[in-house]
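# Structural characterization, general
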Amino acid sequence: MMVDEDYDYIVVGAGSAGCALSARLSEDPANRVLLLEAGPRDGHWTIKLPAAFEKLWNGTRFNWSYMGEPEPHLDGRTLIQPRGKVLGGSSSINGMCFNRGHPLDYERWVTEGATGWSYRDVLPYFRRMEAWQDGASA
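About the cut-offs
Residues numbered from 1 in each chain as written. Predicted model: local features only at pLDDT ≥ 70, side-chain atom pairs only at ≥ 80, totals over all residues. Heavy atoms only, no water. Phe/Tyr/Trp six-rings, centres within 6.5 Å; stacked < 30°, edge-to-face > 60°. Helix = DSSP H or I, 4+ residues; strand = E, 2+ residues; numbered from the N terminus. Lys NZ or Arg CZ within 6 Å of the ring centre and 35° of its normal. Buried < 20%, exposed > 50% of the residue type's maximum accessible area, 1.4 Å probe, protein only.

Next up on the list: the packing of aromatic side chains. Tallied over the full model, the rule gives six aromatic pairs. When the ring of F53 is compared with that of W57, the centres are 5.2 Å apart and the planes differ by 80°; the resulting orientation is edge-to-face. A residue pair is termed a helical-turn pair when its members lie 3 or 4 positions apart in one helix, as F53 and W57 do in helix α3 (residues 53-58) at four residues. One aromatic cluster is present, formed by Y106, W109, W117, Y119 and F126 through successive ring pairs. Across the ring face of Y7, the terminal group of R32 is positioned such that the distance to the ring centre comes to 5.1 Å. Positioned over the ring face of W64 is K85, at 4.9 Å from the centre of the ring.

We note that S65 has phi near 60°; this positive angle belongs to a residue other than glycine. Following the sequence through the fold, S65 ends up in the loop between α3 and β3 (66-67). Even without being glycine, D75 reaches a positive phi, approximately 60°. Following the sequence through the fold, D75 ends up in the loop between β3 and β4 (80-81). With a relative accessible area of 76%, D75 lands in the exposed category.

Geometry only, nothing functional implied.
What follows is the structure in structure tokens.
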């Protein structure tokens, strides 16, 4: 693909961070932003069906299929490192799973200057995107 235009910003990778960054930069109409992604759109059935994540992790159409280095504490075994090659990046191939992370990590970020990122601050956002058929829980 030849691009014969000038851009203020070029963002490589249309995963979660790349899309968020591009959207933020594009809020200023004076900015010309180019977002590049090597993979296709994320409309394939294997991406929309969480139970099909194994096909995504074991395939190469939407996954860069990286492998980790041999791990000494795993008897030299290597682990797969799935990384999305698709609009949405790795978030599109994760089987719609996530975890909140450890609360102490958020507290450390605050001590390092990330005001507003304490676990107490971000917990309401996690709760807003979570749902459980039996209602909310701690």
